[in-house]
Amino acid sequence: MVNSLNKKDFLDNTIKQLKDTVELLKLEAWIFDFLKEPKTSLIVSIPVKMDDGSIKIFQGFRVQHSNARGPYKGGIRYSPEVTLEEIKALAMLMTWKCAVIDIPFGGAKGGVICDTKNMSLGEKERLTRRYTNAIFNLIGPYVDIPGPDMYTDPQTMAWVMDTYSQIKGYAVPEIVTGKPVSLGGSEGRLMATSRGVSICVREATNLLNIPLRDAEVVIQGFGNVGSFTAHLLKNMGCKIIAVSDSKGGVLNRKGLDIFKLSEYKLKNGTVVGFDGESISNKELLQLECDILIPAALEGSIGKEEAPFVKAKIIVEGANGPLTAEADEILKANKVFIVPDILANSGGVLVSYLEWVQNLNREHWSEEEVNSKLEIKMVKAFKEVLKLSQEKGETLRRAALSLGIKRVAEAIKVRGIWP
Ligand code: GLU
């Protein structure tokens, strides 16, 4: 996978975005000082009994950025590349994201440095349970509600729920979102991020007068977000011409058979070798197309790749997929970019809906969940678009302005105590 950004740059860029926005909005300087650092960063050591009898110590994090607008909310990421800087940046983005989509949550993120691809189910379960135990005092249904992120899934969330509930002595489904439906998970949560991304694609193509039918789409990353986005966009009439994962990509100008491709990926662990032309990730980013969806890691499009991007629209499925330099280059090249904190907010939005259902011991139909998602996403898209048109700013600057303004308002109206 192309990843030309180091995690420290990612954090620095996220803080710079905050600084620029605070200046743009003419907010008090202390607001920047207050929000540039998370409220709490916890580093934990997690001993796990491995299948071969050895004991391995993993390092994990939980970062709580802001709870001005409501409980902390954010996913748990499992990856060998996780760093504290990365989790801090992602926690801050969660704060803005929840504010942009207008749900009463703050921002948080968790992570464990581990390589789940080389761990058994039992090892993953023991790791998840011990990590949950280690962050137990920090989380809570009205305090901090974890959810899924890269390489964590409904099963992981079920273990978090069970561990928390075992310690409490009663079932607490509202402690975590993204659970299996059988355990109080919400209908529609698994595809929610992708559904939000595809709504943004629809709104952006409408705006730019690009017909959705046969619009050519390229997707970088074929995990949860990338693969479901491919299915949804295909159903909307788009032509998915290329996709990639960490091992490489595949191109078919006539359109890929997404169903067969998903089956292939499940069986082979990669999209590489599927029916079509094999291409590298670098080549994928340079393809002539209407829409490019980066749905892999942060910083996967840098200054080396950006000048060659030919897409008319970028919808950021991943968090922070463009480096600051790439963002500038693409802006100069007039690429229409729907930023992460708007484009991928469908996931946390349905997490919020799951939490509400859990607190009320209710279970809504998929239609009900999807219709709430549709209404909220379109509203947020229109609000960000209107602001960007009024101020002559990019959608990213407008989304950051909207989110940060809402957080700053909450901080000020709550006041500083004592
Ligand atoms: N990991 C998701 C994100 O980056 C959201 C996790 C959650 O629902 O809490 O937006």
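Being a predicted model, the structure only gives us computed values, none of them experimental. (Residues numbered from 1 in each chain as written. Predicted model: local features only at pLDDT ≥ 70, side-chain atom pairs only at ≥ 80, totals over all residues. Heavy atoms only, no water.)

Some details on the packing of aromatic side chains
With the rule as written, the count across this model stands at seven aromatic pairs. The interplanar angle of 70 degrees and the centroid separation of 6.5 Å between the aromatic rings of Tyr142 and Trp355 together place this pair among those described as edge-to-face. A residue pair is termed long-range when its members are at least 10 positions apart, and Tyr142 in the loop between α4 (121–134) and β5 (144–148) and Trp355 in helix α12 (residues 346–359) qualify at 213 residues. Looking at Lys19, its charged tip hangs above the ring of Phe32, at a distance of 5.5 Å from the centre. Geometry around Trp364 places Lys372 over its ring, the cationic atom sitting 4.4 Å from the centre. (Phe/Tyr/Trp six-rings, centres within 6.5 Å; stacked < 30°, edge-to-face > 60°. Helix = DSSP H or I, 4+ residues; strand = E, 2+ residues; numbered from the N terminus. Lys NZ or Arg CZ within 6 Å of the ring centre and 35° of its normal.)

Overview of the packing of helix α1 (residues 7–24) against helix α3 (residues 84–100)
Where α1 contacts α3, the axes come no closer than 8 Å and their chain directions differ by 30 degrees. Taken together, the axis directions place α1 and α3 in an arrangement best described as roughly parallel. The way α1 lies across α3 gives a crossing that is left-handed. Together, Lys7, Lys8, Phe10, Leu11, Thr14, Ile15, Gln17 and Leu18 of α1 and Glu85, Glu86, Lys88, Ala89, Leu90, Met92, Leu93 and Trp96 of α3 make up the contact between the two elements. Its residues assigned to classes, the contact of α1 with α3 shows nine nonpolar, two polar and five charged. (Axes fitted to C-alpha atoms, helices over the stretch in contact; angles between N-to-C directions. Parallel < 35°, antiparallel > 145°, perpendicular 65-115°, else oblique. Left-handed = near helix turned anticlockwise from the far one by under 90°. Contact = heavy atoms within 4.5 Å. Nonpolar A, V, L, I, M, F, W, Y, C, P; charged D, E, K, R; others polar.)

Re the sheet that holds strand β1 (residues 40–49)
In spatial order, the strands read β1-β2-β4-β3-β5; together these five strands make up an open sheet with mixed pairing. Lying at the two open borders of the sheet, with one neighbouring strand each, are β1 and β5. Across the sheet, the axes of successive neighbouring strands diverge by a mean angle of 25 degrees, strand direction being ignored. Pairing geometry for strand β3 (residues 72–79) and β5, over five bridges, is parallel. Its bridge partner being in β5, Gly75 is matched across the sheet by Gly147. (Pairing = 2+ DSSP bridges.)

Overview of empty space enclosed by the protein
Taken as a whole, this structure holds one cavity of 30 Å³ or more when the rule is applied. Taken as a whole, the largest cavity holds about 40 Å³ of empty space. Lining the largest cavity we find Val100, Ile101, Asp102, Lys376, Lys379, Ala380, Glu383 and Arg406. A per-element tally of the lining of the largest cavity places helix α13 (residues 366–391) first, with four residues. Here the residues of the lining of the largest cavity are counted per class, giving three nonpolar, no polar and five charged. (1 Å grid on protein atoms, 1.4 Å probe; cavity = no way out; pocket = protein on both sides within 12 Å on 5 of 7 lines; lining within 4 Å. Points joined across faces, edges and corners; volume = space filled by probe spheres on them.)

Some points on the sheet that holds strand β6 (residues 216–220)
In space, the seven strands of this open sheet follow the order β9-β8-β7-β6-β10-β11-β12, with mixed pairing throughout. Each of the sheet's edge strands pairs with one partner strand only, and the pair in question is β9 (277–279) and β12 (336–338). If you compare each strand with its neighbour and ignore which way they point, the axes differ by 20 degrees on average. The sheet contact formed by strand β7 (residues 239–245) and strand β8 (residues 248–251) spans four bridges and is antiparallel. Of the residues in β8, the one forming a bridge with Val243 is Val250.

Details of helix α7 (residues 224–235)
An ideal rise of 1.5 Å per residue puts 16 Å on 12 residues; α7 measures up with 17 Å between its terminal C-alpha atoms. Here α7 has its buried residues at Val225, Gly226, Ser227, Thr229, Ala230, His231, Leu232 and Leu233. Buried residues along α7 sit against α6 (192–207), β6, β7, α8 (258–268) and β10 (291–294). Trailing α7 by a residue or two, Gly237 shows a phi angle of about 105 degrees, which is positive. (Expected span 1.5 Å × (residues − 1). Buried < 20%, exposed > 50% of the residue type's maximum accessible area, 1.4 Å probe, protein only.)

Looking at the confidence of the model for the chain
Of all residues in the chain, 99% have pLDDT values of 70 or greater, and the mean over the chain is 97. Across the chain, element-level confidence peaks in β5 with a mean pLDDT of 99 and bottoms out in helix α9 (residues 281–285) with 96. (pLDDT = per-residue confidence, 0-100.)

A look at the packing of helix α2 (residues 29–36) against helix α14 (residues 395–414)
Where α2 meets α14, the axes come as close as 11 Å, and the angle between the chain directions of the two elements is 100 degrees. In terms of orientation, α2 and α14 fall into the roughly perpendicular class. Mapping the contact onto sequence places Trp30, Ile31, Phe34 and Leu35 in α2 and Val407, Ala408, Ile411 and Lys412 in α14. By residue class, the composition of the contact of α2 with α14 is seven nonpolar, no polar and one charged.

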